[in-house]
Amino acid sequence: MAEHSGLLTDLYELTMAAGYLQTRFDAKATFELFVRHLPPKRNFLVAAGLEQGLDFLEHVRFTRDEISYLRRHPVFCSIRDEFFDYLLTFRFTGDVWAMPEGSLAFPGEPLLRVVAPIIEGQIMETYLLATLSYQTMIASKAARVVTAAQGRQIVEFGARRAHGSQASLFAARAAAIGGCEGTSNVLAGQQFGMDTYGTQAHSWVMAHENEGEAFRHFLDAFPAHSVLLLDTYDVRAALQTILHMGRKPAGVRLDSGDLAKDSRWVRRELDRVGWKDVKIFASGDLDEYRIKKLLAQGAAIDAFGVGTSLATPGDAPHLNLIYKLVEVERAGEVHEAAKLSAAKVTYPGRKQVLRYSNSKGQYEGDKITLDGEPANGSEPMLIEVMRGGRRLMPAEPIRVLRGRCVNSLARLPQRFLQINRSAVYPVRYSQRLKTMLEQVRRRIRRSTLK
């Protein structure tokens, strides 16, 4: 599959594009990408996926074979050749504003704003939604897991549970943006400059004659980095075997059983022989709820490996991310656009998100405004990241994106960091936006009555 193929879109995006061209509907359009509502028990989102979205916008193309495929498609049987000729030289030439990755976002707030010829903006919808939705979902889950761990290390272990190898890469990346300190996914480490972690599987222990032989061989191969797995047969017997060997590993891992009770016992035994710097690593169907419970039970765990619930978060497997037209400019005349159907109203106009803080630097609330309204001491969240189809700045390292998320979470009041309770962060719309929405309503009514 071509990574930057223009066919990575829904068919109706291309039918609309063909319709715009064939009917000479020449316009510049503004689209915004945002969520209407948060998933249950989510108090915030962590923006992620922008890097892959911008890369696609810069390099999206239609090959001759792809255009030939579209020519043969029945739905395009009445479309003139000029559309297919247009696709042959297709490039994205628009401008993009976005929240930097690692920023916190809330309902109604644009994560992304695209201003482009309407055909270009339309074709980009599917890819942008899929890319930002998936990574934002994972990064937001990771931030919850990291919060629950109260400063203990979280490593993403989800490669084997992700919905395909490509998804595993971007799950690892998004989890790192959300605060995870590394991944088990080696390719993600290489591609995104992430720290990678690995211990040993139960199969390593089972392949040997006994645990002592398995541990010795691993320590021989990795004298400075061995993390030995204790629960293949019996946790206490395994640790006693290691202690009797007298060879100190870097860490030990618990993957099943009573993690709180076993970790406390393991910690006592390690400390008893002076191995206070040996870390206890835990894994096995962990999520933010179980981690919080383990720590409340006094678990002596230094680091957690979290897999399934990060790569495929069952409690919030998707986001209600939408991409809506908010402005159309034709022949120099601007018309603001809004969806007015019940329960799905959208606000018109190009927007900015202003974030207000108190004297201590804590976030107090956001205001969604028309672009250009005065900031009045607030922090504008949307910045220009692409102009004329070309990026304005290089990709940011993962450590910078993670730092932005961690710093933002530190500025969020504690009630919004609770794992089990929903709290509504204050977001309001400016009066100018509310007035513009009413103006659009009246304009639509008048046109309907004609």
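Keep in mind it's a predicted model, so treat the numbers as computed, not measured.

What counts and what doesn't
- Residues numbered from 1 in each chain as written.
- Predicted model: local features only at pLDDT ≥ 70, side-chain atom pairs only at ≥ 80, totals over all residues.
- Heavy atoms only, no water.
- Patch = residues over 30% accessible without salt bridge, like charges linked within 9 Å, V, L, I, M, F, W, Y side chains within 5 Å.
- Areas by Shrake-Rupley, 256 points an atom, 1.4 Å probe, with all protein chains shown as cover.
- Salt bridge = Lys/Arg side-chain N within 4 Å of Asp/Glu carboxyl O.
- Helix = DSSP H or I, 4+ residues; strand = E, 2+ residues; numbered from the N terminus.
- Pairing = 2+ DSSP bridges.
- Phe/Tyr/Trp six-rings, centres within 6.5 Å; stacked < 30°, edge-to-face > 60°.
- Buried < 20%, exposed > 50% of the residue type's maximum accessible area, 1.4 Å probe, protein only.
- Lys NZ or Arg CZ within 6 Å of the ring centre and 35° of its normal.
- Lys, Arg positive; Asp, Glu negative; His and termini not counted.
- Contact = heavy atoms within 4.5 Å.
- Disulfide = S-S within 2.5 Å.

Some thoughts on a nonpolar patch on the surface
Move 1: A cluster of nonpolar residues, Ile383, Leu392 and Met393, forms a patch on the protein surface that exposes about 220 Å² of accessible area.
Move 2: Considering the arrangement of structural elements, one finds Leu392 in the loop between strand S18 (390-391) and helix H15 (398-410).

Section: the sheet that holds strand S8 (residues 227-229)
Move 1: One open sheet accounts for six strands, arranged S7-S6-S11-S10-S9-S8; its pairing is parallel. Across the chains shown, the open sheet's two edge strands, defined by having one partner strand only, are strand S7 (182-183) and S8.
Move 2: Of the pairings in the sheet, the one linking strand S10 (residues 279-282) to strand S11 (residues 303-306) comprises two bridges and is parallel in character. From the neighbouring strand, Ala282 faces S11, where its bridge partner is Phe304.

What about the environment of Lys324?
Move 1: On the secondary structure map, Lys324 appears in strand S12 (residues 321-330).
Move 2: Expressed as a C-alpha distance, the spacing of Lys324 and Ile242, which sit 82 residues apart in the sequence, is 60 Å.

A look at the packing of aromatic side chains
Move 1: The full count for this structure, using the stated rule, is 15 aromatic pairs.
Move 2: On the numbers, 4.9 Å between centres and 15° between planes, the contact of Phe31 with Tyr323 is stacked. With Phe31 in strand S1 (residues 28-35) and Tyr323 in strand S12, the pair connects residues that are 292 residues apart, well separated along the chain. Of the two residues, Phe31 and Tyr323, neither departs from the other in class, the shared state being buried.
Move 3: Both rings, one in Phe83 and one in Phe84, keep their centres 5.5 Å apart while their planes meet at 65°; by these two values the pair is edge-to-face.
Move 4: The exposure class assigned to Phe83 is buried, which follows from its relative accessible area of 1%.
Move 5: Taken together through their ring pairs, the aromatic side chains of Phe62, Tyr86 and Phe90 make up a single cluster.
Move 6: Over the aromatic face of Phe25 sits the side chain of Arg330, whose NZ or CZ is 3.9 Å from the ring centroid.
Move 7: Stacked on the ring of Tyr363, the Lys or Arg Arg355 has its end atom at 5.4 Å from the ring centre.

A look at the side chain of Glu125
Move 1: For Glu125, the position within the fold is in helix H6 (residues 125-148).
Move 2: Although Glu125 lies buried, it forms no salt bridge, and the closest oppositely charged side chain, Lys324, sits 6.3 Å away as judged by the N-O distance.
Move 3: Apart from residues lying up to four places away in sequence, Glu125 is in contact with Tyr12, Glu13 and Tyr323.

Brief notes about the state of the cysteines
Move 1: Under the criterion given, the structure shown has zero disulfides.
Move 2: Free cysteine: Cys180, not disulfide-bonded; nearest cysteine sulfur from Cys405 at 9.7 Å.
Move 3: With a relative accessible area of 0%, Cys180 lands in the buried category.

A few points about the pattern of salt bridges
Move 1: Summed over the entire model, instances satisfying the criterion amount to 25 salt bridges.
Move 2: Linking Asp371 and Arg113 is a salt bridge whose minimum nitrogen-to-oxygen distance equals 3.6 Å. In this pair, Asp371 is assigned in the loop between strand S15 (363-370) and strand S16 (379-380) and Arg113 in strand S5 (residues 112-117), connecting sequence segments 258 residues apart.
Move 3: One salt bridge in this structure joins Arg350 and Glu327, with 3.0 Å as the shortest N-O distance.

A look at the pairing of S12
Move 1: Pairing of S1 with S12 involves eight bridges; the strand directions are antiparallel. Looking across to S12, one finds that Val35 is bridged to Leu321.
Move 2: Here S12 pairs with strand S13 (residues 333-336) via four bridges, running antiparallel. Residue pairing for S13: Arg330 is matched across the bridge by Glu333.
Move 3: The turn linking S12 back onto S13 is made up of two residues, and Ala331 within it adopts a positive phi angle of 50°.

Things to note about the pairing of strand S17 (residues 383-387)
Move 1: Pairing analysis gives three bridges linking strand S3 (residues 95-98) to S17, with the strands arranged antiparallel. Across the sheet, Ala98 pairs through a bridge with Ile383, a residue of S17.
Move 2: Linking S17 back to S18 in an antiparallel pair, the connection comprises two residues, with Gly388 at a positive phi of about 60°.

Here's the deal with the sheet that holds strand S19 (residues 427-429)
Adjacent strands of a sheet form backbone hydrogen bonds with each other and so pair up, either parallel or antiparallel.
Move 1: Spatial ordering of the open sheet is given by S16-S14-S15-S19, a layout of four strands whose pairing is mixed. Bordering the open sheet on either side are S16 and S19, each of which pairs with just one other strand.
Move 2: Sheet analysis places S15 next to S19, joined by three bridges and oriented parallel. Bridge pairing in S19 places Ile368 opposite Tyr429.

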